[in-house]
Amino acid sequence: MCCSTTSACRDTEATLDSLTPSAKFVFTVLDYEGPLTQKTLAEETRLSQRSVRTALSDLTDEGLVEERIYPADARQRLYAVDDD
C-alpha cells in the first residue's frame, strides 16, 4: 500500500475498513496498477460499471483516490491513489 508513514497507513486502513468490498478492491487495483480509467477498472476487476462508479465516488469522497484529466480522451477521467 502506498503510504509515506505508518500513521498514514493506519489512517488509510481505518478508512478502507468502513468501505464496501468493491471499494477496497478498486483501491487495491489502483494501488498496484497505477492510474486507470473507470472503463479499464471495470474490465480489470470484472465489476459492473455501476459498482466501479460507486466505489470511485466513495474513495474520492474519503480522499483516498484522486480524479485526473485523461489526456488521451478528455471525456474520460483517470483515477489514482492519492499519495498526499
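Now for a look at the structure at hand. None of these values were measured; they are calculated from a predicted model.

With 18 residues, the main nonpolar core has Val26, Phe27, Leu30, Leu41, Leu56, Leu59 and Val65 as its most contacted residues. Among the elements of the structure, α2 (21-33), α3 (38-45), α4 (49-61) and β3 (77-81) are those that each provide at least two residues to this core. The leading source of residues in this core is α2, at five residues. Other than its neighbours up to four places away in sequence, valine 65 contacts Phe27, Leu30, Leu56, Leu59, Thr60, Tyr79, Ala80, Val81 and Asp82.

Our next topic: the side chain of threonine 37. In this fold, threonine 37 is placed in strand β1 (residues 36-37). Setting aside residues up to four positions removed in sequence, threonine 37 forms contacts with Tyr70, Gln76, Arg77 and Leu78.

So, about the environment of alanine 55. As for its position among the elements, alanine 55 is in helix α4. Exposure remark for alanine 55: the relative accessible area of 2% places this residue in the buried category. Each C-alpha atom of the pair alanine 55 and lysine 24 lies 8.0 Å from the other, and the pair is 31 residues apart in sequence. Here alanine 55 is in contact with Ser22, Ala23 and Val26, once residues within four sequence places are set aside.

About the thresholds
- Residues numbered from 1 in each chain as written.
- Predicted model: local features only at pLDDT ≥ 70, side-chain atom pairs only at ≥ 80, totals over all residues.
- Heavy atoms only, no water.
- Core = buried A, V, L, I, M, F, W, Y, C linked by side-chain atoms within 4.5 Å.
- Buried < 20%, exposed > 50% of the residue type's maximum accessible area, 1.4 Å probe, protein only.
- Helix = DSSP H or I, 4+ residues; strand = E, 2+ residues; numbered from the N terminus.
- Contact = heavy atoms within 4.5 Å.

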